[in-house]
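Below, each chain spelled out in residue letters.
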Amino acid sequence: MQELQADSDLPVIGRQSELTDLIRVLNRQTKNNALLVGPPGVGKRTIIRDLIKHLDQTKATKIYRLDLGQLVAGTKYRGEFEERFTKLLNNLQELDEKIILYVDDLPGLTTIGQADGAISAAEMLKPILEAGAIQLITSMTHAEFRESLDPDPALARHFQRITIEEPNEREVTEILAVWEDRFAAYHGVSYQWDCIRVAINLSNRYLSERALPDKALDLLDEAGAMQGNDGSQKVTPDDLAYIVERHTGVKVRGVMATERDHLLNLVPMLHAKIIGQDEAVEKVANAIIRSRAGIQNPQRPIGSFLFLGPTGVGKTALAKRLAEVLYGDQNEMIRIDMSEYMEKHAVARLVGPPPGYVGYEEGGQLTEAVRQRMSAVILLDEIEKAHPDVFNLLLQLLDEGRLTDAKGRTIDFKNTILIMTSNLGSTKILESLEENGELVSSTRNSVLEDLKHQFRPEFLNRIDDIILFNPLTSTDAEQIVKLMLAELTERLQNQHVNLEFDPAVVTYLAHVGFDPVFGARPLQRTIVQMIETPLAKKIIRQTRDSSSTYYITQDQSGFTINQK
């Protein structure tokens, strides 16, 4: 054991009511053992250390901390730990002065000695606590309480539970101001005036699994260490954003610096590879801009959309492009085929099977993917095929920006973009087009009416936007062919092969491969058959190691591929 000492130069801010509750519990005649329960990082140990300054208000004179490692060290055989623990308890009861024993890891202590035939530490504590011979203070998280004391009410009844919540923003600001000065002196840096406010905002939004003030303190400390190592004398909000990006993979620095231009150009960036879907691009881009500007509700996902339209018109392509533009890679998209969740028993796979079932340790396919990435585009394909229970999960996700998985962990979806696709109403959309390729208003209203019969109103009301994708036109097909050929050209350049096309090639491919019913997918197959396969044979026959250029032209017999 070692005596706890107070931090004389570190004030405790905003915990007066919790400290008063703690002193009241300790001054009780019976069941005067205190249990502080709260999330990790809210300051439970800080309150206990602050108690040392107010011991004169209790009947104790000192607080000793039990070192569990030293207590267990060297206990190889059955009975050694019990003997050592019993001796410690007897010595404490024989002391002339009244002390308080602080047990930092009560869950760990109570599990020691649970081997077959041995008496656990919990059983040894119960008669001591019942007699009031020793006063204990311990702290734990809510999860530890559920695992250790909930199953043992005979032990839990001896403790008075005091819940420790996160301090409010004003208190956190005061705490960070004290620590900011300490960090500045330790790292040899200074902090820009708004670093405290930014640290609170960033940690609240992107480190939701942790609690204040601990998570904001870590940001300030690590940013100070980074700038101190780099020889810089100034810590800025951009440094804090960089730390968050490194820990979470979420693109944060955005609007703090150069990404203002990036956001303002988001629409043309999406349009660069999404053809013929102006409304969809505009609505999705506007949702991103609102979120980055801080206008959108921070308790909900960045955006939630239901994409409706025929196959091959760009619903999935827009989701991929969004992931590429926002996160730098199309792979930053979580794609789930909802046709795999048509049965009731399959729904549990999204958040994880219950304990005892196969796959419990692996977590849910949706929740675990988001927990690992923190930020992503989520694509739920063919949402109309999902079992009705899936929509119960989505209601919570859309409304509160979170889901609870099978292990009881709260998964944050506030930094995700949820896109659901459906082919519902595709026939009506294809059959009713104006001359310019736009949908007539009656068809739009009819499709939306079909939605009300397919989906519950409380689900539809929580979606940010329902977007109808236009069928592609022949003009759109030519633009898509140009994009596909440009991607082919880019792939070949990695092999030192250059590709050039006659404009007639694009027109011919669009004419031959385009089908309004199947959208852009037949275009890709046409390019594979008519361009890629003959070109591949040409490249295989090439014997030179130097780079080559191929020029493709179109004539009455088809395509001609010539090597320059």
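Residues numbered from 1 in each chain as written. Predicted model: local features only at pLDDT ≥ 70, side-chain atom pairs only at ≥ 80, totals over all residues. Heavy atoms only, no water.

Undergrad: So, the pattern of salt bridges: which residues are in play, and what are the values?
TA: Within the structure shown, the criterion is met by 31 salt bridges. Where Lys 385 meets Glu 382, a salt bridge forms, and the shortest distance between an N and an O atom there is 3.0 Å. For Arg 402, the salt bridge goes to Glu 400, with nearest N and O atoms at 2.6 Å. Classification of Arg 402 by relative accessible area gives partly exposed; the value is 31%. Here the salt bridges do not stand alone but share partners, grouping Glu 368, Arg 371, Asp 405 and Arg 409 into one network. (Salt bridge = Lys/Arg side-chain N within 4 Å of Asp/Glu carboxyl O. Buried < 20%, exposed > 50% of the residue type's maximum accessible area, 1.4 Å probe, protein only.)

Undergrad: Go over the sheet that holds strand S17 (residues 548-555), please, and point to the residues and values.
TA: The three strands lie next to each other as S16-S17-S18, forming an open sheet whose pairing is mixed. Strands at the two margins of the open sheet, each flanked by one partner only, are strand S16 (497-501) and strand S18 (558-563). The mean inter-strand angle of the sheet, taken between neighbouring strand axes irrespective of direction, is 25 degrees. With five bridges connecting them, S16 and S17 associate as parallel partners. Following the sheet pairing, Val 497 is matched in S17 by Ser 548. Packed on one face of the sheet, helix H24 (residues 521-541) meets S16, S17 and S18 and runs near 30 degrees to S18. (Pairing = 2+ DSSP bridges. Helix = DSSP H or I, 4+ residues; strand = E, 2+ residues; numbered from the N terminus. Axes fitted to C-alpha atoms, helices over the stretch in contact; angles between N-to-C directions. Contact = heavy atoms within 4.5 Å.)

Undergrad: For the packing of aromatic side chains, give the residues involved together with the corresponding values.
TA: Under the counting rule described, the total for this entry stands at eight aromatic pairs. Where Trp 179 meets Phe 183, the ring centres are 5.6 Å apart and the plane angle is 35 degrees; that geometry is what we call tilted. You can see Trp 179 and its partner Phe 183 sitting in helix H9 (residues 169-187), four residues apart, about one turn around the helix. Owing to a relative accessible area of 9%, Phe 183 belongs among the buried residues under this scheme. Judged by centre distance (5.6 Å) and plane angle (50 degrees), the ring pair of Phe 455 and Phe 459 falls under tilted. In this structure an aromatic cluster arises from ring pairing among Phe 305, Phe 307 and Phe 469. Across the ring face of Trp 179, the terminal group of Arg 182 is positioned such that the distance to the ring centre comes to 4.7 Å. Directly above the aromatic system of Tyr 341 lies the positively charged group of Arg 349, at a separation of 4.7 Å from the ring centroid. (Phe/Tyr/Trp six-rings, centres within 6.5 Å; stacked < 30°, edge-to-face > 60°. Lys NZ or Arg CZ within 6 Å of the ring centre and 35° of its normal.)

Undergrad: Describe the side chain of Glu 382, and please don't skip the residues or the numbers.
TA: Summarising the element assignment, Glu 382 is placed in the loop between strand S11 (376-381) and helix H18 (388-400). Of note is the side chain of Glu 382, whose polar atom sits 3.0 Å from the side chain of Lys 385. The contacts of Glu 382, once residues within four sequence positions are left out, are Asp 337, Met 338, Ser 339, Thr 421 and Asn 423. (Polar contact = N/O pair within 3.5 Å; in protein donor to acceptor, adjacent residues only side chain to side chain.)

Undergrad: Give me the lowdown on helix H2 (residues 44-51), citing residues and values where you can.
TA: Turning to H2, its buried residues number three or more, namely Lys 44, Ile 47, Ile 48, Asp 50 and Leu 51. The buried residues of H2 occupy an angular sector of 160 degrees when the element is viewed end-on, so they sit on one face. Where the residues of H2 are buried, they touch helix H1 (16-26), strand S2 (33-37), strand S3 (62-66), strand S4 (99-103) and strand S5 (135-140). (Arc of directions from axis to C-beta.)

Undergrad: Which residues make up the nonpolar core, and what values go with them?
TA: One finds Leu 322, Val 377, Ile 417 and Ile 419 to be the most contacted residues of the largest nonpolar core, which totals 55 residues. Two domains each donate at least three residues to this core, and these are domain 3 (292-468) and domain 4 (474-563). Of all hydrophobic cores here, the second largest spans 38 residues; its members include Leu 350, Val 370, Met 420 and Leu 468. (Core = buried A, V, L, I, M, F, W, Y, C linked by side-chain atoms within 4.5 Å. Domains from an automatic or database assignment.)

Undergrad: Tell me what's going on with the domain arrangement of the protein, and back it up with residues and numbers.
TA: In terms of domains, the protein is made up of domain 1 (2-163), domain 2 (169-254), domain 3 (292-468) and domain 4 (474-563). Of note, the centres of domain 2 and domain 4, computed from C-alpha atoms alone, are 51 Å apart.

Undergrad: Summarise the environment of Thr 427; cite the residues concerned and give the values.
TA: By the element assignment, Thr 427 lies in helix H19 (residues 426-431). Since its relative accessible area comes to 53%, Thr 427 is described here as exposed.

Undergrad: Explain the sheet that holds strand S6 (residues 159-163) residue by residue, including any values.
TA: Read from one edge of the open sheet, six strands run S1-S3-S4-S5-S2-S6, paired in mixed fashion. Of all the strands in the sheet, just strand S1 (2-3) and S6 have a single pairing partner and so form its edges. Of the strand pairs in this sheet, S2 and S6 are connected by five bridges, and their pairing is parallel. Residue pairing in the sheet places Asn 33 in a bridge with Phe 159 of S6. Strands S2, S4, S5 and S6 of the sheet are contacted by H1, whose axis makes an angle of about 175 degrees with S6.

Undergrad: Run through the packing of helix H15 (residues 278-292) against helix H16 (residues 315-327), naming residues and quoting values.
TA: Across the interface, H15 lies against H16 with an axial gap of 12 Å and an inter-helix angle of 35 degrees. Crossing geometry of H15 relative to H16 is assigned as right-handed. Two secondary-structure elements touch here, H15 through Ala 280, Val 281, Val 284, Ile 288 and Arg 292 and H16 through Leu 318, Leu 322 and Leu 326. Classifying every residue of the contact of H15 with H16 gives seven nonpolar, no polar and one charged. (Left-handed = near helix turned anticlockwise from the far one by under 90°. Nonpolar A, V, L, I, M, F, W, Y, C, P; charged D, E, K, R; others polar.)

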